[in-house]
Amino acid sequence: MKIGVFDSGAGGLSVVKSLLEHKLFDEIIYYGDTARVPYGTKDQNTIIRYSLEALEFFNNFDIDLLITACNTVSAYALSDMNTQSRYPVYGVIESGVMAVEKQKIKKDDEILIIATRATIGSKSYQEALGNLGYSSITAIQTGLFVPMVEEGIFGGEILHATMKHYFSDVPEPKAIILGCTHFPLIGDTLQSYFKQKPLLIHSGEAIVEYLEARYDLSTRDKESKLKIFASDNVIGLRKIADNWLGRAIK
Ligand code: DGL
């Protein structure tokens with residue numbers, strides 16, 4: 001199978017990393033809208049318009065399905081994208097919520113959701129978890145983590161100070177939903193910030209399980225081919241990919 005992965009920028013490479021590790025697909029076409037990132041600060045109409053424009057990019061490739069790795073896109077544009085595309089489009093929110101259910105998390109355990117302003121504002125995670133009976137949910141927008149990760153800051157004083165800024169009033173979480181593609185990169189730092197090493201719910205791992213349950217996929221003995229495209233500075237994005245994925249990308 002040949003699949004597409006769409007993100008507002010570089011963050012979706014954290015989802016690609018999981019997809020590559022599981023070797024489920026022949027080819028992955030990645031498109032990051034680096035000219036217009038971040039989406040998480042934009043309003044709903046803009047997020048939908050940008051997401052539908054991204055579909056036009058994927059018309060150049062004969063893909064079997066598309067993953068919108070971006071939580072912000074998943075929160076606002078998924079149904080419009082599905083209406084306008086020939087192939088199924090999967091977001092990462094439903095799979096993320098299902099991943100919570102698979103963990104040993106009790107209904108009254110503290111769950112912390114961190115995401116962009118738009119994703120938190122959509123209440124997508126809060127409502128889906130609330131409908132399943134989870135009762136202790138704290139949702140906070142932590143947009144500053146996005147440019148920090150883009151700058152390659154995955155630990156250290158500045159990140160710690162930013163965590164303190166966001167988390168000083170937050171109850172000790174049992175689990176953290178990494179509701180933004182960039183956040184798996186600071187997962188270790190997040191776990192060590194809190195006293196009780198919270199469980200991390202990661203979009204990439206969650207979408208892999210979700211697709212495995214829906215398609216007849218088996219691990220291939222070859223690496224998936226990966227092609228990376230961007231609306232701006234594709235060379236820069238490929239360099240980030242080399243770094244994050246630990247392999248040379250053309
Ligand atoms: N990719 C976005 C997400 O997962 C984060 C970056 C942005 O704001 O565009 O929500």
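For the structure itself, consult the block above.
A brief structural summary. Since the model is a prediction, treat every value here as computed from it, not as a measurement.

Some remarks on the nonpolar core
With 47 residues, the main nonpolar core has Leu13, Leu19, Ile114, Phe145, Phe167 and Leu211 as its most contacted residues. Once you skip the residues sitting within four places of it in the chain, Leu19 turns out to touch Ile3, Val5, Leu24, Phe25, Ile28, Ile67 and Val208. In this structure, Phe6, Ile47, Val97 and Ile111 belong to the second largest nonpolar core, which totals 40 residues.

Quick notes on the pairing of strand S8 (residues 199-202)
In this structure, strand S7 (residues 175-179) lies alongside S8, joined through four bridges in parallel fashion. When the bridges of S8 are listed, Ile176 appears paired with Leu200. As for the winding sense of the linkage, the β-α-β connection from S7 through helix H10 (residues 187-193) to S8 is right-handed.

Quick look at the pattern of salt bridges
If you walk through the whole model with that rule in mind, you get five salt bridges. In this structure, Glu27 engages Lys227 in a salt bridge whose closest nitrogen and oxygen atoms are separated by 3.1 Å. Placement of Glu27 in strand S2 (residues 27-32) and of Lys227 in strand S9 (residues 225-230) is noted, with a sequence separation of 200 residues between them. Given a relative accessible area of 11%, Glu27 falls into the buried group. Owing to a relative accessible area of 36%, Lys227 belongs among the partly exposed residues under this scheme. For Arg36, the salt bridge identified is with Glu53, shortest N-O distance 2.8 Å. Of the two residues, Arg36 is situated in the loop between S2 and helix H2 (44-58) and Glu53 in helix H2; the sequence distance between them amounts to 17 residues.

Side note on the sheet that holds strand S4 (residues 89-90)
Taking strand neighbours across the sheet as the criterion, the five strands line up as S4-S3-S1-S2-S9 in an open arrangement whose pairing is parallel. Each edge of the open sheet carries a strand with a single partner, namely S4 and S9. Sheet topology note: the strand S3 (residues 65-68)/S4 ladder contains two bridges and is parallel. Bridging across to S4, Leu66 finds its partner in Val89.

Section: helix H1 (residues 13-22)
Buried residues dominate H1, accounting for seven of its ten residues. Every buried residue of H1 is accounted for by Leu13, Ser14, Val15, Val16, Ser18, Leu19 and Leu20. At the C-terminal side of H1, Lys23 shows a positive phi close to 45°.

Points about the site of the ligand
Near the ligand there are 14 residues, and of these Ser8, Tyr39, Gly40, Thr72 and Thr181 occur at the shortest range. The separation between an oxygen atom of the ligand and a polar side-chain atom of Ser8 is 2.6 Å. In this structure, an oxygen atom belonging to the ligand sits 2.6 Å away from a side-chain N or O atom of Thr72. Residues of the shell around the ligand, tallied by class, amount to six nonpolar, seven polar and one charged.

With respect to the sheet that holds S7
Spatially, four strands are ordered S6-S5-S7-S8 in an open sheet, and the strand pairing comes out parallel. The open sheet has two edge strands, strand S6 (136-141) and S8, and neither has a second partner. Sheet twist, expressed as the mean angle between neighbouring strand axes with direction ignored, is 20°. Those strands touched by helix H11 (residues 203-214) are S7 and S8, and its axis lies near 60° from that of S8.

Topic: the packing of helix H5 (residues 93-102) against H11
One can describe the packing of H5 onto H11 by two numbers: an axis separation of 8 Å at closest approach and a directional angle of 95°. In terms of axis orientation, H5 runs roughly perpendicular to H11. Facing Glu94, Ser95, Gly96, Met98, Ala99 and Lys102 of H5, the residues of H11 in contact are Ala206, Ile207, Glu209, Tyr210 and Arg214. Among the residues making up the contact of H5 with H11, the classes are represented as five nonpolar, two polar and four charged.

Cut-offs used in this document
Residues numbered from 1 in each chain as written. Predicted model: local features only at pLDDT ≥ 70, side-chain atom pairs only at ≥ 80, totals over all residues. Heavy atoms only, no water. Core = buried A, V, L, I, M, F, W, Y, C linked by side-chain atoms within 4.5 Å. Buried < 20%, exposed > 50% of the residue type's maximum accessible area, 1.4 Å probe, protein only. Contact = heavy atoms within 4.5 Å. Pairing = 2+ DSSP bridges. Helix = DSSP H or I, 4+ residues; strand = E, 2+ residues; numbered from the N terminus. Right-handed = clockwise from strand over helix to strand, strands pointing away. Salt bridge = Lys/Arg side-chain N within 4 Å of Asp/Glu carboxyl O. Near = heavy atom within 4 Å. Polar contact = N/O pair within 3.5 Å; in protein donor to acceptor, adjacent residues only side chain to side chain. Nonpolar A, V, L, I, M, F, W, Y, C, P; charged D, E, K, R; others polar. Axes fitted to C-alpha atoms, helices over the stretch in contact; angles between N-to-C directions. Parallel < 35°, antiparallel > 145°, perpendicular 65-115°, else oblique.

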